[in-house]
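Chain residues, written in single-letter form:
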Amino acid sequence: MALYILTAVEAFQAAFSFKMCGYYWGLVCLVLLTPCMLIETMKSMEWMAAISDAAAIMIIILVLALIASEDQDLPSDHKHNVWPKHSDFLTSYNPISSFLFAYQGQSIFLEVMSEMKNPREWPKSVYFSHTLMATAYGITAVVGYYYKGNDVPAYLPSGLKDGPAKTVVNLLVAYHVLVAYIINNVPLAAMLKRRYMKGAETSRAKHFVLSFVMLVGAWMLTNLIPFFKDMVSIIGALCGSPIMIGLPPLFYYYALKERGRAMGKVDLAVCSFLFFLLFPFTFGAGMASAFDSLIQNWKKNGPPFTCKK
């Protein structure tokens, strides 16, 4: 949740030529999101989500078009490497956690499914969204690296040439991620209300208080880790690694056990590799590389809650 606020902060900072402390942009996001904490169902915000989806498509098209059309910034002006440039292991590994983060959308699958009118339609949504997501990620990565090389920024829209187009793109990004925060907040708050309150019968005032407390917590976290790349890497290692690699083989094992079925040899080998080798490695190496980068950025830019412009 905190990453959505941090991304919005990055977007606002890149959108405008004047420099304002990231801490204050975070407060702007807090103010913008506070009224939306009254939203209790996906149905009541479907129009916001539709506009957000359209904004995401426009962002990708505009960013790629603008990068490709910058005559003063050619691919030959940047260095490219087939393999990661020589550096220590932790620095080289760090981007892997970003890939894990990018594809960990299943962390909210069950919650979103519970909000659907017809959950049986869920597989269609998954196939469509993942096809679209993989295509968009792939094209963006290839085009971005071709034109910017090793100088491509972690937050790609910040690398655009200053001007009205850059402002529009970043404002669209801000809108998109703030709506994404709300989309994630709705099922999360619903789950907490079912577990600790009266579920759907919980008053709207209590829903607002619960959502606002989570919002303030997310805002606090963005000030604790105010670096976009580091937060992406930490979330990718801490959450993406178990969600994508560790838990699926475990769930598969217990699902078969519940049905009284034995796991095949090939499945057992694959699941063992994922759970006992790949999961611990991606989790441990990812967390170590992410916090190594975070500590270096704290030393360079100041400790948490420092005014970072």
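Scroll up for the structure.
One numbering rule holds for all chains: residues counted from 1, following each sequence as written. Whole-chain, interface and lining totals are the exception, using all residues; otherwise, since this is a predicted model, local features are given only for residues with pLDDT of at least 70 and side-chain atom pairs are given and counted only at 80 or more. In computing side-chain values, all of the structure's heavy atoms are included and hydrogens and water are not.

Comments concerning the environment of Ile67
Thought 1: Note that Ile67 resides in helix 3 (residues 46-68).
Thought 2: Separated by 92 residues in the primary sequence, Ile67 and Gly159 place their C-alpha atoms 8.4 Å from one another.
Thought 3: Residue contacts follow a heavy-atom distance rule, with two residues in contact if any of their heavy atoms lie within 4.5 Å. Once residues within four sequence positions are removed from consideration, Ile67 is found in contact with Tyr147, Leu156 and Leu160. Strands are runs of DSSP state E lasting at least 2 residues, helices are runs of H or I lasting at least 4, and numbering of each runs from the N terminus.

Focus on the packing of aromatic side chains
Thought 1: The criterion for an aromatic pair is that two Phe, Tyr or Trp rings (for Trp, the six-membered ring) have centres within 6.5 Å, with stacked assigned to planes under 30 degrees apart, edge-to-face to planes over 60 apart and tilted to the rest. Enumeration over the complete set of coordinates arrives at 14 aromatic pairs.
Thought 2: Between the aromatic rings of Phe89 and Phe281, the centroid separation amounts to 6.3 Å while the plane-to-plane angle is 50°, which identifies the pairing as tilted. Here Phe89, found in helix 4 (residues 89-102), pairs with Phe281, found in helix 10 (residues 265-301); they are 192 residues apart in sequence, far enough to count as distant.
Thought 3: The rule is simple: take the accessible area with a 1.4 Å probe, protein chains only, and divide by the maximum for that residue type; under 20% is buried, over 50% is exposed, in between is partly exposed. Judged by its relative accessible area of 48%, Phe89 falls in the partly exposed class.
Thought 4: We classify Phe281 as partly exposed; its relative accessible area is 42%.
Thought 5: Here the aromatic cluster, defined as three or more aromatic residues joined through ring pairs, consists of Phe275, Phe276, Phe279 and Phe283.

Here we look at a nonpolar patch on the surface
Thought 1: Side chains of Met220, Leu221, Leu224 and Phe305 sit close together on the surface and give an oily, nonpolar patch of about 330 Å² of accessible area.
Thought 2: Its location among the elements puts Leu221 in helix 8 (residues 204-224). Patch definition: residues above 30% relative accessible area lacking any salt bridge, with like charges linked at up to 9 Å and the nonpolar side chains Val, Leu, Ile, Met, Phe, Trp and Tyr linked at up to 5 Å. Surface exposure here means Shrake-Rupley accessible area, sampled with a 1.4 Å probe, where a residue is shielded only by the protein chains that are shown. Every case where a carboxyl oxygen of Asp or Glu lies within 4 Å of a side-chain nitrogen of Lys or Arg is listed as a salt bridge.

Let's talk about helix 4
Thought 1: Those residues of helix 4 that sit buried are Tyr93, Asn94, Ser97 and Leu100. In a view along the axis of helix 4, the buried residues occupy a sector of 135°, so they form one face of it.
Thought 2: The inward-facing, buried residues of helix 4 contact helix 9 (228-258) and helix 10.
Thought 3: Two to three positions downstream of the cap, the backbone nitrogen of Leu90 sits 3.2 Å from a side-chain oxygen, assigning the N-cap of helix 4 to Asp88. Arc definition: directions from the helix axis to the C-beta atoms. For the purposes of these results, a polar contact is taken to be a pair of N or O atoms within 3.5 Å, where, inside protein, one atom must be able to donate a hydrogen and its partner to accept one; residues adjacent in sequence count only when each atom of the pair is a side-chain atom.

Thoughts on the side chain of Thr202
Thought 1: Considering the arrangement of structural elements, one finds Thr202 in the loop between helix 7 (164-196) and helix 8.
Thought 2: According to the relative accessible area criterion, Thr202 is buried, its value standing at 7%.
Thought 3: For Thr202, the side chain forms a polar contact with the main-chain nitrogen of Lys198, separated by 3.2 Å.
Thought 4: A polar side-chain atom of Thr202 sits 2.8 Å from the main-chain carbonyl oxygen of Gly199.
Thought 5: Excluding residues that lie within four positions of it along the chain, Thr202 makes contacts with Glu40, Lys193, Met197 and His207.

Brief notes about empty space enclosed by the protein
Where empty space is left becomes clear once a probe the size of a water molecule has been rolled over the atoms.
Thought 1: A pocket here means an open set of points on a 1 Å grid, computed over the protein atoms alone, that has protein on both sides within 12 Å along at least five of seven lines. A cavity is instead a set of points where a 1.4 Å probe fits but cannot get out; residues with an atom within 4 Å of a point line either one. Grid points are joined across faces, edges and corners, and a volume is the space filled by probe spheres set on the points. Scanning all chains against the criterion turns up 1 cavity of 30 Å³ or more.
Thought 2: Its volume calculated, the largest cavity comes out at about 140 Å³.
Thought 3: As for the largest cavity, its lining consists of 14 residues, and the residues nearest its centre are Val9, Gly22, Tyr23, Thr222 and Pro226.
Thought 4: Examining the composition of the lining of the largest cavity, we find that 4 residues originate from one element, helix 1 (residues 2-15), more than from any other.
Thought 5: Here the residues of the lining of the largest cavity sort into 6 nonpolar, 6 polar and 2 charged. Nonpolar residues are Ala, Val, Leu, Ile, Met, Phe, Trp, Tyr, Cys and Pro. Charged residues are Asp, Glu, Lys and Arg, and all others, Gly as well, are polar.

Shape descriptors only; they carry no functional weight alone.
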